[in-house]
Amino acid sequence: MRRPPLSPRQRLWLLLALVGLVLVPGTGALLHLAYAGLRRSFGLALDLGLIALVLVLIALFFAPLEALGWWAGWEGDQPLDTGTPPGALAAPVTRDRPISRFVVYLDGIGQASGDALPEGEDFLRRLAARLPDDVAILRGLMPYSVRNVPLTEGSWLAGFWRWVDRLRLRDPRALLGALINLRNVTVVAVSTDQRYGPIYNQGMAQVIADSLLAHGYPLESCTPVTLLGFSGGGQIALGALPHLRRSLQAPIEVISLGGVFAGNTSILEAEHLYHLLGDRDPVARLGPLLFPRRWRWQVLSYWNRARRRGQVTIRSLGPVGHALPGGLMDAGYLLPDGRSAMDQTVDQVAAILTDRDPAQASPRRATSNVDRFQANGWHRLDVGRDTAPPPAACFRPLAGWIGRLRLPDPEQRDGGRVGFEVFAAPEPWRHLLGRTCRLEWQDPRLAALVRDVNLSPEARWSAGQGLVHPLRLDHWRQVSPLESLAGSRPDDDVLVRLPEPVEALEDGALLRIASEPVQTTGLALALVQFRQPLGDDLWSAASYEPQRGSFRTQPDLQLRLPAAIANGEGILPATAEGIERSGLNAEGWLVSGVPDGAGAFVVQSLIPHRLRRLLPDRIVTGRTAARRLLKREIWAALEPGTAFSALVSLQSPPAAASGLDPAAAPATRPTLPPGWQLGDRLLVVHVFGGIGGEQREQALQHGLCAGHFAYGLAEVVAEPLAGEAAIQLAYRQVYTHNSEGLIAGRHDDWRYLGDRQWGWLGTRPVADILLRYPPFTGSYRIGDHSRSPLDGFDHQLTAMMARYRVGDGTGATFVGPANNCAQDSNQALFAAIRALQQEVARQDPAALRAWEQADPEQAERLRALLRLERRLRHQLLPFAGLRPDWQRNAAVLGSSLEDRPLDNLLRGLGSWRLLLPRLASETVVWAFLEAGASALILRSNQCGGLHPQIEPVAPITLPL
Amino acid sequence: MAGVAQLIHAAFSFQPGDFQRLEAVAPGTAMAIWVAVLAGLSQGVAEAFVLFVNRVRPQRFTLSLLVEALLFGCGFLVWALSTWLAARLLFGVAVPLAAVVRALGLAHTPQLLAFLGALPYLGVPWLTLLSLWTAVLFVLGLVTATGLSAWGAFWCLVSGWLAMHALQRSAGQPVMALGRRLQDWAAGVTIVSDGERLQELLRAGPRGRR
């Protein structure tokens, strides 16, 4: 882009000079003298100029009236029903398949009738010929009338405008033709005005929406829309953008052809803004000069923020001007490369619309921990090695379907599906092992989560610092949540298990799932006890015999515990040193991994059996003791290599609880806490702390440890390896982009926690608090539907995690006061409870009363849930007014502190208990306990082998 | 009418030493009050979009503007009174109230052109400029009328303005409420004028308010 005519410094001096001129005594007399002199010299011309100026001011004065009158209903309460056709298709479109994109053309300020200027119509014909027939181009809207009434129709001046239009079409240089431009410029001024703009732009958004609907735009389909604005049409497009986005709930991009726009409307809501302008275009260059929001020092203006986020691409069209002759739509003006200016413009726009736009160079990426960890061959996926049978009968499959996600090439995208290289399959489908199927995640609610991805400069900068951003998805359109899961890391190395039900179609070539795949580690599980090191990373181990209730006396397994690779700070994620002497070895370890191809088993992930049993070390009841445990004791014991569990409830201990003594003989003790049953679903509140000691992590070098918060879902299942009930757990990680390549999404504990290369169990103190509270974790039958608040919550978290993966299209999420793991996870919790409340409120009161009488137990649970909601709202959202984004479940993540920094901080304070992960967990857990829940606390400190260079650090909280 | 035109011309080509001449142009206190009422009407036009956003019907529109002008005139008198009190109590200047009314009236002369604030895009900076202009003219007027220094006159102006707002939020509440009721009566709807609620109305769309 060429430099603007005046630099900011020059503009400042000019402004100061003008102000000085006005304030200096005697200026009035000087101006008077100057005027008298000019009048003597130019006489009539000067007077005519002044009269023209007065006329312009009068036209400008009355320009807002049409929009204001429309708003106020002065022309009836059906303001847009004018009988004017809402545009027309520029070319016929296919009827065989759905339209993939709608393009709405908004012409420049020369438009007077329902047609664009001749060159504009020519441009649209050529563009339509270049685009596939599933792209619909809408033309013929009048962007300079909020009622979509052309100047040449409707009003008492229509005859005059028709005459002027005819004159102008006959001779484009006719002076009177400028009247049309002048009239429409006043409307552009209305659109840019901070008072009238919201009204006018809303009206235009309605005109565009009506036109789209009239031409078959399917509502709630999220079909993308492109607003293509020439000259003043650029401002009209950007003005209508936020309103149109709100009404269509669809991705919208804007292409400005020599557009003149103010930059004061929310460009951030555009998928992308392409600004194409010629080097000789003086009109488009008025924008950066006239509109302060486009000046560079206005760092927080929408325009400048959008540019920093990479949402704006400014592209030069070479030596072309604005309008004819020599303008960007001049078919007779040839460029040095032999194309006409018109052909070049059509080429550029068609390339953008058909995804063939030359992508910007991929950003350079510094070495991340992902790159480092990939050097660990035992933790890399190897379908040949991994799919071999486990070396002994004591192993069981980790899940039915396990495989590697493969991101398709951009040219071979498959409607949001991805490849799934099968590593494990249930019996009838074992012939698929090693083959790559197509994986489809079918859920109508996912359509709202599809995003165009254009990496922001912040994301690029962050990638340069070694954080892992979805670089492979940059410039991809309509990225599905499944594609973002497969494409978040630099390579195809995401191993997932498919949650049931899995539908195998087309003889297994297509697998269909209904919920998000769970990132995991390993293919087979065993319960083992380490006996002694054998050298070369090998250990002898004994498997557990559930029938006997003990480990084999003699070792029957060889397990490989490969040395982990240190992260960028030199910290080893796990060690195996002295693991056979660990206090946790007595109860054994659940290990997950793959065969090593030489008769041993590679332990890729391990978790102390104690952390998955339902036998607590302690039982704590009563308000005071429970509070003390939750606030102090839980994080007081920080001895590395230890783990403990405790069952907490505010109610008095039931008699049966005494039978939970872990020291009691196995035959006489129950394996479940009182009231807990197989099949129970649990809400998991997870917090981890920091890494201290000699190798203190950098995040703690200059301050306290904030930690991390996440929710998860768990289930009480029968564990055949142990012959008793156990916990099966998967986290829902709302996780910002990071150096470890940890992808926001569902994580098995095998991956997130126990993985000896990628997990946190070996380096961090961890607390998982499992809440059993049937009003929240159970389900309700309301009307004809069965609803579970936990499922609703899961869906909200799934949506939040999908948004995090692509940073709402910017490719980056950053931690801020208003948006972070704890804040956004809990926003999802509120959204889920509110959705259930709304569903209840929608029911007919009489039917609801009948329902309460028919099933009083269910009704009582619902009342308890609503009490819990009030308690949570009171605790977590004491200043609800400060969090309007929670009230309306905002669609845009505040991914940067620049999103109104003060506002961001205030919003964060609106839910201040969620600023600290540990405080957030304490608050949520206490609210559940007070509501009558029971909680199983599972705490661990750097479990695994000895690691004397590091020490666990508890996350901070407030003494409340 | 010629007097008003002369007044505007004098106000817009003002020089510090010319204020006495400017005052000589104005025939008296009544003229100052008329200037204030007309300035209120002009400001009403500039801010008429508030009436449109509130969907005031056409026949009520003019009546609303007139009522606003009247209320503006009342506010003008309260401001003059509070400034007069500030001059007497804080600065010990025994100046006649009529002189303060005249000074404030003359200072409001530029506001006669406030209707140009309705111009799209240019209107808001124009109104800001006029407000600054009015403040400067008022300081000059007070300097002339009271003999205070420029800074003294400035603080007198600020004190009077603050006192007026304090009054509006305390003892003046019933009067303010009466004014609002009068406005609502003239408009035929409950007028929403604070920024946040106006934004809500705009978000709700034209049919959000019937």
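Only a predicted model underlies this, so the values are computations on that prediction, with no experimental measurement involved.

Draft legend 1. Representation of the overall build of chain A within the structure. Along the backbone of chain A there are 26 helices and 35 strands. Within chain A, contacts between residues at least 6 apart in sequence are counted, and of these 74% link residues at least 24 apart.

Draft legend 2. Representation of the pairing of strand 34 (residues 934–941) of chain A within the structure. All names here are of chain A. Within strand 34, eight of the eight residues are buried, which leaves the element mostly enclosed by the surrounding structure. Because side chains alternate across strand 34, one face comprises the buried residues Ser934, Leu936, Leu938 and Ser940, and the other comprises Ala935, Ile937, Arg939 and Asn941, equally buried. In this structure, strand 25 (residues 642–649) lies alongside strand 34, joined through eight bridges in antiparallel fashion. Opposite Ser645, over in strand 34, you have Leu938 as the bridge partner. In the sheet, strand 31 (residues 765–772) pairs with strand 34 via eight bridges, with the strands oriented antiparallel. Across the sheet, residue Arg772 finds its bridge partner in strand 34, namely Ser934.

Draft legend 3. Here's a closer look at the interface of chain A and chain B. The interface is formed by 22 residues belonging to chain A together with 16 residues belonging to chain B. Those elements that place two or more of their residues in the side of chain A that touches chain B are helix 3 (44–62), helix 4 (65–72), helix 7 (178–192) and helix 8 (197–214) of chain A. A per-class count over the side of chain A that touches chain B returns 15 nonpolar, five polar and two charged.

Draft legend 4. View of the nonpolar core. Membership of the largest hydrophobic core comes to 158 residues, with the highest contact counts inside it found for A:Val528, A:Leu559, A:Val684, A:Leu771, A:Val925, A:Phe928 and A:Ala935. Sorting elements by how many residues they give to this core places helix 26 (residues 917–931) of chain A first, with nine residues. For this core, the two domains that each supply at least three residues are domain 2 (399–438 + 450–513) and domain 3 (776–925) of chain A. Core analysis: the second largest hydrophobic core is formed by 138 residues, A:Ala237, B:Val101, B:Phe115 and B:Leu119 among them.

Draft legend 5. Main features of the confidence of the model for chain A. Residues and elements named next belong to chain A. With 89% of its residues at a pLDDT of 70 or more, chain A shows a mean pLDDT of 86. Long-range and interchain partners of residues 359–363, a stretch whose pLDDT sits below 50, account for eight contacts in this model, where long-range means more than four residues apart. Counting contacts from residues 654–659, a segment whose pLDDT is below 50, to residues more than four positions away or on other chains yields seven contacts.

Draft legend 6. Quick look at unusual backbone geometry. Residues and elements named next belong to chain A. A cis amide bond links Glu500 with the next residue in sequence, Pro501, at an omega value of 0°. With respect to the element layout, Pro501 can be found in the loop between strand 14 (494–497) and strand 15 (502–505). Even without being a glycine, Gln942 presents a positive backbone phi close to 45°. Here Gln942 is to be found in the loop between strand 34 and strand 35 (951–953).

Draft legend 7. Here's a closer look at the sheet that holds strand 4 (residues 225–230) of chain A. Residues and elements named next belong to chain A. The mixed open sheet is built from seven strands, whose spatial order is 1-3-2-4-5-6-7. Edge strands, defined here as strands with exactly one partner in the open sheet, are strand 1 (88–89) and strand 7 (312–316). Where strand 5 (residues 252–257) and strand 6 (residues 273–277) come together, four bridges link them in parallel fashion. Pairing of Ser256 across the sheet is with His275, part of strand 6.

Draft legend 8. Quick look at the environment of A:Arg552. Residue and element names in this part refer to chain A. Within the secondary structure, Arg552 sits in the loop between strand 20 (550–551) and strand 21 (557–560). In this structure, the C-alpha to C-alpha distance between Arg552 and Val528, residues 24 residues apart in sequence, is 9.2 Å. Setting aside chain neighbours within four positions, we find Arg552 in contact with Ala542, Ser543 and Glu545.

Draft legend 9. Region of interest: the packing of helix 3 (residues 29–46) of chain B against helix 6 (residues 97–107) of chain B. All names here are of chain B. Close contact between helix 3 and helix 6 brings their axes to 8 Å; oriented N to C, the two are set at 40°. Considered as vectors, helix 3 and helix 6 are oriented oblique to each other. Considering the relative orientation of helix 3 and helix 6, their crossing is left-handed. In this structure, helix 3 uses Thr29, Met31, Ala32, Ile33, Val35 and Ala36 to contact helix 6, whose residues at the interface are Ala98, Val101, Arg102, Leu104, Gly105 and Leu106. Class assignment of the residues belonging to the contact of helix 3 with helix 6 gives a composition of nine nonpolar, two polar and one charged.

Rules of the game
- Residues numbered from 1 in each chain as written.
- Chains lettered and ligands numbered in written order.
- Predicted model: local features only at pLDDT ≥ 70, side-chain atom pairs only at ≥ 80, totals over all residues.
- Helix = DSSP H or I, 4+ residues; strand = E, 2+ residues; numbered from the N terminus.
- Contact = placed C-beta atoms within 7 Å.
- Buried ≥ 20, exposed ≤ 12 C-beta atoms within 10 Å, placed from the backbone.
- Pairing = 2+ DSSP bridges.
- Nonpolar A, V, L, I, M, F, W, Y, C, P; charged D, E, K, R; others polar.
- Core = buried A, V, L, I, M, F, W, Y, C linked by C-beta atoms within 7 Å.
- Domains from an automatic or database assignment.
- pLDDT = per-residue confidence, 0-100.
- Axes fitted to C-alpha atoms, helices over the stretch in contact; angles between N-to-C directions.
- Parallel < 35°, antiparallel > 145°, perpendicular 65-115°, else oblique.
- Left-handed = near helix turned anticlockwise from the far one by under 90°.

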